[in-house]
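A look at the structure
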Amino acid sequence: CNLLNSTMDNCTLKDSTVNASNGGKAEGGLAGYVVASTLQNNKIINSQIIGKASPIGVLAGTVDANTQSSFIDNAVSGIFVGNPITLDSKMIGTGTPTVTGTTLYTE
C-alpha cells in the first residue's frame, strides 16, 4: 500500500508474507511508498518480508525525502530478506523519516 498525507494507526500484519518480487517496486511490511504520513502503534508479527524489490525495508520501502513522515512505536518480528528481523535490519529502504520507539515484538 502507498500512503499520502495519511495516518496508519494500530494495524497488524500477522503470520503473513510480503513477497517483494516486482523488480523496481518499493516494498515494506507496512507500506511501499510513504509521503507526509504517520505510522504509529502498528505490529508486524511472525511475518516474512522477502524478495528482490528495490528498495525494500521492514517498515517501508521508500519515504519521500521532500516531506516529513514519522514511524512511532511500531513493533516487528519475523524474517527480513531471508534473515531474522533485528533492530539492525533495514527498517526503511530509502528516505530519512523520524523513527522512534521501534521494538522487537514479543507476546
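Please refer to the structure higher up on the page.
Residues numbered from 1 in each chain as written. Predicted model: local features only at pLDDT ≥ 70, side-chain atom pairs only at ≥ 80, totals over all residues. Heavy atoms only, no water.

As for the sheet that holds strand S7 (residues 38-40)
For the record, the criterion: Strand pairing follows a simple DSSP-based rule, namely that at least 2 bridges must link the two strands. Elements are defined by DSSP. Helices are runs of H or I of four residues or more, strands are runs of E of two residues or more, and each kind is numbered from the N terminus. Here the axes come from fitting lines to C-alpha atoms, over the contacting stretch only for helices, and the angles between their N-to-C directions go from 0 to 180 degrees.
Strand order in the open sheet formed by 4 strands is S2-S7-S11-S15, and the pairing between neighbours is parallel. Taken across any chain shown, the strands that pair with only one partner, and hence form the sheet edges, are strand S2 (7-9) and strand S15 (98-100). Across the sheet, the mean angle from the axis of one strand to that of its neighbour is 5 degrees, orientation sign disregarded. Here S2 runs beside S7; their pairing, made up of 3 bridges, is parallel.

Focus: the pairing of strand S8 (residues 43-51)
In the sheet, strand S3 (residues 12-14) pairs with S8 via 3 bridges, with the strands oriented parallel. Within S8, the position partnered with Lys14 by the bridge is Ile45. Judged from the 4 bridges that link them, strand S4 (residues 17-20) and S8 form a sheet pairing that is parallel. Along S8, the bridge assignment pairs Asn19 with Ile50. The pairing of S8 with strand S12 (residues 75-80) spans 5 bridges and is classified as parallel.

Don't take any of this as a statement about function, it's just geometry.
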